[in-house]
Every structure is written in C-alpha cells, then in structure tokens.
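A look at the structure
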Amino acid sequence: QLFFPLQNGYPARRRSLVDDARFETLVVKQTKQTVLDEARQRANDSSVDHEIEIDDKPTQKPDQQNEDDIGLTEEEVVLANAIAEGPEAEKAIQRAALILRLREGMNSLSRVLKAIEKYQGVVIHLETRPNQRENNQLDALVKIEMARSNLLQLIKGLRQSGTLEHLTLLGEDNISAKNPWFPRHASELDNCNHLMTKYEPDLDMNHPGFSDKEYRARRKQIAEIAFSYKYGDPVPFIEYTETENKTWNAVFTTVLELMPKHACVEYRRVFRVLQEEGIFQPDRVPQLEEMSNFMKKCTGFTLRPAAGLLTARDFLASLAFRIFQSTQYVRHTKTPFHTPEPDCIHEILGHMPLLADPSFAQFSQEIGLASLGASDEEIEKLSTVQIYWFTVEFGLCKESGETKVYGAGLLSAYGELLHALSDKPEHRPFDPATTAVQPYQDQEYQPVYYVADSIEDMKDKFRRWVSQMSRPFEVRFNPHTGRVEVLDSVEKLESLVHQLNTEVLHLSNAINKMKAPSIL
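Here the structure is a predicted model, which is why all the values come from computation and not from measurement.

Over its 12 residues, helix α10 (residues 265-276) runs 17 Å from end to end, which matches the ideal 16 Å to within 8%, given 1.5 Å per residue. The complete set of buried residues in α10 reads Tyr267, Val270, Phe271 and Leu274. What you see down the axis of α10 is that its buried residues fit within an arc of 105 degrees, all on one side. Tucked into the core, α10 has its buried residues touching α9 (242-262), α11 (288-298), α13 (344-355) and α17 (408-411). With its phi angle positive at about 75 degrees, glycine 278 sits one or two positions after the end of α10.

This is the structure in structure tokens:
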C-alpha cells in the first residue's frame, strides 16, 4: 500500500495535510538516489542478471515505420513523428513517464534502471507499489529525461525483453498526456490511499507514543483495518478503550466550553444537532459509521477510513466525490490537547461538523474537483499556503462584526484557538492571490491568519482562483451517476462565461440595492 516508506518521520509540532505536499517533494529528492543504489545492488548480487539488449540500429525513417507503428500507442506514434522532423528533433531531450508492470519485482526494476542508464537517461522520479492482482509483481512509475531517439529505442527494448508484463508511455512537455489519470468514480479511491509516513510513533522520536510499545501496537492494529477497507464496505467499528474515551472526554469538554463564544455559526448549529441526536457524547468516541450516516443525510458527504496522513493528491481527490478520508486512531494520552498528526478527535471535532454544513461541504468538494488532473505545483498550492492551510485548517471568518473560527486545526486545539483570536497575530482579508506568498508555520502558532467575510465569500474567491489554473479541461461531479465528467476547452469556456454572467448579476443587484431609497 505504501510508496517507498520513509526512513524518518519529519519533526513537526503538529502534522497536517499542509506538510504533505512540500514534504512529498523533498522525500522524492532524498530517496531517489537511495532507491537507485539499492536496485543496482540487487542487480549486482543477483546470480542471473539478464540485461536488456540495446538496439544500436539508427531510427527508421517515416516510410519505414508504418509496420512498426501498428504496435505503438498514440503517444509513441507522436514521439516517432517528432523524431522524424530532423536531426535536432531527434536529439532533443524529452521528459516522459513510464508505467511498468515488473515480472520479477525489484530484480526487473534493476534491469530497467540499467537500461535507462545505458541509453543516457536521467531518472527524475520513481515510485513502486505491489500489483493488486499478482502478489509477486510490482507496478512502477518512472519519470525520465533522455534524447527522443533513445527513448523510443528504450521502449522497444523493454517491450521485447521478458522483464515487463506491461509498459505504458505517458508523455510530458511536447508529448502531452491529454487525459491524465485521476479517479472518475468513488470506487477508484481504493487506489488513492498512499501514506506520506508509515506508523508515526515507530519513526518519530518526538512522537509522544514513540516509547509506548502498547500504543504503537494499537496504532498498527487500527491502521491494518483501514488498509483492508474497500469501496462499498461498511466503515469498520472500533472498540475504543477506556483510556481512549478519557482522552476524547478531555478534548470534547474543552471544545464544548469554547465553542459558543468562538466558533462560527455553521459549526455551532451542526454541533448542537450532533448532541441532540446522541452522536456527540462526552463519555465515548463517536464511530465513523454514525458520523458518516449523519453527514450523508445533511450534505451527501461520507467517510472512509485512512491509515494515516495521506498524500495531498489522494486526500484532495476523495473530496471531489464528497468523501472524507478519516483516521480512526486516538492521540496519545500524554498529550490530549496536541497530536503530531491528524487523529480521529481532530477529524471528528474539527472537520466533520462543517462537512455537514451545505455551504462548507460545497467548498470542500470544489477543492477536490480542482485537484483532479492538476499539476504537482498546483496540488501544492491547493493543499498548502493558498487554500487548505489558511482556510480548512486555520481559517477565520467575520460574523456580526466579530471574528470567529471555522478552521479544523483551531477548533480541535484550544491553545492556538485562543492565540488566533487574540491581538498577538496579524489578521488579513482572505485573498488567494496574496496568501500564495505567505509562508505557513508548522512548528509554532501562526503569526498571520486570513479572515473571510463569510464562507460564501471564501467560495467565490476560490472559484475565481481555480479558473486561472493551467488545466486544459474542466471537471464536474455528476451526482446522479456518482462520476466525475471531463469537459473540453469549449465547455470549459462556456462554464467560465456562465460564472462571469452570474457574478455580474450579483454585482448589479448589489448596486441596485445601494441606489434604492430606504423606506422608513
């Protein structure tokens, strides 16, 4: 289930999705060379080291390629045509991604990496995971840079060898992937459960549960339950211990005291209903299944269990289907008011009440839809400084002239909640364009918080920001089929025009109200 588990946890006072995007990039850089060295070492130690033969024959001319093109994919045909444009095009450096199914696991991977080396290619990114159908096979994603002619010869050589079960080329740069893969239905989220870390208490010496063997075993047990979950299964029932229920009680009682004065009206309204329906009780941790049923009744959002902190892309993708991936473990009892990574108390008290509010649920889904097919850079912006961090995690909003809290990181951490509403930090109007350059703080309290006029105001500003994304297509969720539909450039333009007309109409109505004489 994991893509290259990390060797060390990252030391952070409080873990959140915001750490994911930037840390994910850092981890790739740090582990790429290690993975390559390990694979090469395996190859050197192997008693049978079948190298992939290199075809030194010159690239064929277009009229000689017709028969060979029959076995090529569309992307490979485009590559071949680009090579045929001339000597400079043939030697041009091409960036591409190869999706490989390896017959012999790491041994096959080592031979692939040797072939890339011999074709003078550079590995930019490398991921592997066990194949879901064949236990002894691995799937690999390898992003490379090499001369176009060498790339085409490499692909042919790999196909002719017995190393691979399957190979797919996804082009980048000049060879565009017109339809990048992303989940089109909620069932495909079974493929979107990759963790940034394995089991944090086992890896991070600063974790409060690092030296607690019993706690680490409990975390592993609950994580395994989440890993075995598949779409359509009921959310697993967790029998929480007396200690875990006491930890919940400590946090719940504190939130109950602070909420009436500091939380936004949308949060207070849902919190009260959860109490009335007997889901929020001080003496027990709510089950995800009952929270999921409640949210589905209110906004259509449902829950699925997660084993830990997911990658930004996987987490955001689930929001597009109105699904929130939630942990089920409880923070360590030594630190009931702080957790170094999101636990179920943070999810239940911080996130879920607002996901049962129609307006906020819509905003969360739009973040998810914006992430589908987005570039790595845009994923980082969506999950960090521009959107998720200063809104869903640590957002503030105006309410009857007062500043209120709606961010989950504040609602489940009373120390920072009081800090955020004090006169110590700076409060700025929420604007995605300006928050893009504001660094976030994951070790201490934030020096700056962004205040939206309302959740509706936040949604409108977000939609305008999304319209400037570089995706050549637009996506929308069809609630009748439960599928994400892709719109082409013309449909995207029509959607933007409709959005602009709606904004003009709202502005016109506001101006007319200002001009209208008041009636005493």
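Picking up after the structure, the text goes on.
Here the protein chain averages 78 in pLDDT, while 72% of its residues score no lower than 70. Element-level mean pLDDT values for the protein chain span from 42 in helix α2 (residues 66-69) up to 97 in α11. Across residues 1-33 the pLDDT falls below 50, and counting only partners more than four positions away or on other chains, this stretch makes 102 contacts in the model. Overall, residues 55-70 carries pLDDT values under 50, and its contacts beyond four positions in sequence, including any with other chains, amount to 15 contacts.

By the secondary structure assignment, methionine 469 is in the loop between α20 (455-466) and β11 (474-478). Its relative accessible area of 9% is what places methionine 469 among the buried residues. Each C-alpha atom, one on methionine 469 and one on glutamate 378, is 7.7 Å from the other, the two residues being 91 residues apart in sequence.

Taken in spatial order, the four strands of this open sheet run β8-β7-β10-β9, and their pairing is mixed. The strands lining the two open edges of the sheet, one partner per strand, are β8 (402-405) and β9 (426-429). Taking each pair of neighbouring strands and ignoring which way they run, the sheet shows an average axis angle of 40 degrees. Sheet topology note: the β9/strand β10 (residues 448-452) ladder contains four bridges and is parallel. When the sheet's bridge partners are listed, glutamate 426 is paired in β10 with valine 448.

What follows is about the nonpolar core. For soluble globular proteins, nonpolar side chains are generally found buried alongside one another. Among the nonpolar cores identified, the biggest contains 80 residues, and Tyr267, Phe280, Ile348, Leu349 and Phe462 are the most heavily contacted of them. Residues in contact with leucine 349, not counting those within four places in the same chain, are Trp248, Val251, Phe252, Val255, Tyr267, Phe271, Phe280 and Leu411. Counting residues in each nonpolar core, the second largest holds 29 residues, with Ile116, Tyr119, Met146 and Leu158 among its members.

Enumeration over the complete set of coordinates arrives at 14 aromatic pairs. Centre to centre, the rings of phenylalanine 360 and phenylalanine 363 are 6.0 Å apart; their planes meet at 55 degrees, and the pair counts as tilted. Remark: phenylalanine 363 and phenylalanine 360 occur in helix α14 (residues 358-371); sequence separation between them is three residues, near one turn of the helix. For the pair shown, phenylalanine 360 and phenylalanine 363 are each scored as buried. Each ring, one from phenylalanine 363 and one from phenylalanine 462, has its centre 5.5 Å from the other, and the planes form 75 degrees; the classification is edge-to-face. In this pair, phenylalanine 363 sits in helix α14 while phenylalanine 462 sits in helix α20, placing the two residues 99 residues apart along the sequence.

What counts and what doesn't
- Residues numbered from 1 in each chain as written.
- Predicted model: local features only at pLDDT ≥ 70, side-chain atom pairs only at ≥ 80, totals over all residues.
- Heavy atoms only, no water.
- Helix = DSSP H or I, 4+ residues; strand = E, 2+ residues; numbered from the N terminus.
- Expected span 1.5 Å × (residues − 1).
- Buried < 20%, exposed > 50% of the residue type's maximum accessible area, 1.4 Å probe, protein only.
- Arc of directions from axis to C-beta.
- Contact = heavy atoms within 4.5 Å.
- pLDDT = per-residue confidence, 0-100.
- Pairing = 2+ DSSP bridges.
- Axes fitted to C-alpha atoms, helices over the stretch in contact; angles between N-to-C directions.
- Core = buried A, V, L, I, M, F, W, Y, C linked by side-chain atoms within 4.5 Å.
- Phe/Tyr/Trp six-rings, centres within 6.5 Å; stacked < 30°, edge-to-face > 60°.

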